[in-house]
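So you can see what is in the structure, the chains are spelled out below.
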Amino acid sequence: MVGWLVPFPGTIISPAVRFLDFMPPAPDFSRLALLGWNDQFAQLAAQQLEGLEAQKHLIARVVEELRGYYTLHDGEKETLARIAGKLRHEAAQRIDFPAVGDWVTYSVRPGEKRATLHSVLPRLSKFSRQAAGDETEEQLLAANLNTVFIVTSLNRDLNARRLERYLTLVMQSGAAPVVILNKTDICDEVAAIAKLVRKTAGEAPVIPISALKGRGVEKLKPWLAAGQTVALLGSSGAGKSTLVNRLLGEDRQVVRDIRGTDDRGRHTTTSRHLFVLPGGGMVIDTPGLRELHMWDGEEGIAQAFTDVEEIALKCKFTNCRHEKEPGCAVQAARTAGKLSEGRFAGYQKLRSEIEAQKSREEKAAKVASRVHWRKLHQSVEEADAKTKLKHTDVT
């Protein structure tokens, strides 16, 4: 139980003032529930939450990150925060920093309206990718998601290989994928295309809609119930921001027309942002991603390519690479026309990418380990040298 705060000596307490007024602020879990806080998060965070009241640390959810600043929401109001020096110093890698959707602890700076962000609470799920460029590092895009809407438009943006990549990443994250076929208002073959997409999507629901006209959007309600968090993933111009505006019931996100020459989108969303919907659900709008390389996708690829994985179980060798090995069931399925060339090529490409990423990660870990031990050895030598110098001065 939290102890009473003792007023400063000499303070005169009016009878009208309750002792409760001197108690440190405690997290309001009923308010946090509006943002998705539940028993699962409480259990995961039990150790970090212990003693927060005595330390005057509060809990909030990150709803936006922009240039080193984080917007926190406590279920009632938003507060702008920056990371504490201790957290910045202890962060070993990029994923140790907060992301949109994270639950964090913070404290309000005395005399200011801004806050200091102290720690990131354990995540229930995380959606991440290999960082863009040549870095071998995991980049966290959003955290604590229940569902990811993979939004693709019914024009030249529709691509089976890209959809396979999205499905693999989402399934690896721990969230459930839902494929949204947007812009039914400009397509005359919706049913036929949806049938083809369902072959790639597997068990993931495929929902045709028109975010612009509002057609079919009501079918998304099961995933947008109070306390549920959904992220939108897709190329620029797929209609993610239009869908967010439709769900919010107002124009909060800027939208622009796609280029008429190639059906490619123009970037309008420049940062990830979590919005609370009128019905209590939450949606995270994300910028269109030019690069979406795999990070630790072994479980995801197994779920996204269940058809290929089931065939692979019949291969003669358990470590079969499905290339030129004898007794390869996957190659036999290709020859028999039971596995399309495109599907096989997509599977092999993603699997090769995951293996290459793991190899780079292992090499980076070895380099980091060598650097760590070199620094440790150097610090020991410096300490020995100082000890010898002190001993010489004494004698």
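Structure's up top.
Residues numbered from 1 in each chain as written. Predicted model: local features only at pLDDT ≥ 70, side-chain atom pairs only at ≥ 80, totals over all residues. Heavy atoms only, no water.

## Considering the nonpolar core
Among the nonpolar cores identified, the biggest contains 57 residues, and Trp37, Trp103, Leu145, Val148, Leu167, Val179 and Val330 are the most heavily contacted of them. Residues in contact with Leu167, not counting those within four places in the same chain, are Ile150, Pro177, Val179, Thr200, Ala201, Ala204 and Ala304. Judged by nonpolar contacts, the second largest core, of 20 residues, contains Ile209, Leu247, Phe275 and Val283. (Core = buried A, V, L, I, M, F, W, Y, C linked by side-chain atoms within 4.5 Å. Buried < 20%, exposed > 50% of the residue type's maximum accessible area, 1.4 Å probe, protein only. Contact = heavy atoms within 4.5 Å.)

## Comments concerning the pattern of salt bridges
In total, this model carries eleven salt bridges according to the counting rule given. Two residues, Lys77 and Asp74, come together in a salt bridge whose shortest N-O distance is 3.1 Å. A salt bridge links Arg161 to Glu164; its shortest N-O distance comes to 2.8 Å. Separated by three residues within a single helix, Arg161 and Glu164 lie in helix 6 (residues 160–173), roughly one turn from each other. Arg161 sits in the partly exposed class, given a relative accessible area of 34%. The exposure class assigned to Glu164 is buried, which follows from its relative accessible area of 1%. (Salt bridge = Lys/Arg side-chain N within 4 Å of Asp/Glu carboxyl O. Helix = DSSP H or I, 4+ residues; strand = E, 2+ residues; numbered from the N terminus.)

## A few points about the state of the cysteines
Taken as a whole and judged by the stated rule, the model has zero disulfides. Cys315 takes part in no disulfide bond, and the closest cysteine sulfur to it belongs to Cys320, at a distance of 4.0 Å. The structure places no disulfide on Cys320, whose sulfur is separated from the nearest cysteine sulfur, that of Cys328, by 3.7 Å. For Cys320, a relative accessible area of 7% gives the class buried. (Disulfide = S-S within 2.5 Å.)

## Some details on the pairing of strand 2 (residues 69–73)
Across the five residues that make up strand 2, a large majority, four, are buried. Pairing between strand 1 (residues 58–66) and strand 2: five bridges, direction antiparallel. Among the inter-strand pairings, Val62 is bridged to a residue of strand 2, identified as Leu72. Here strand 1 hands over to strand 2 after two residues, with Arg67 in that stretch at a positive phi of 55°. (Pairing = 2+ DSSP bridges.)

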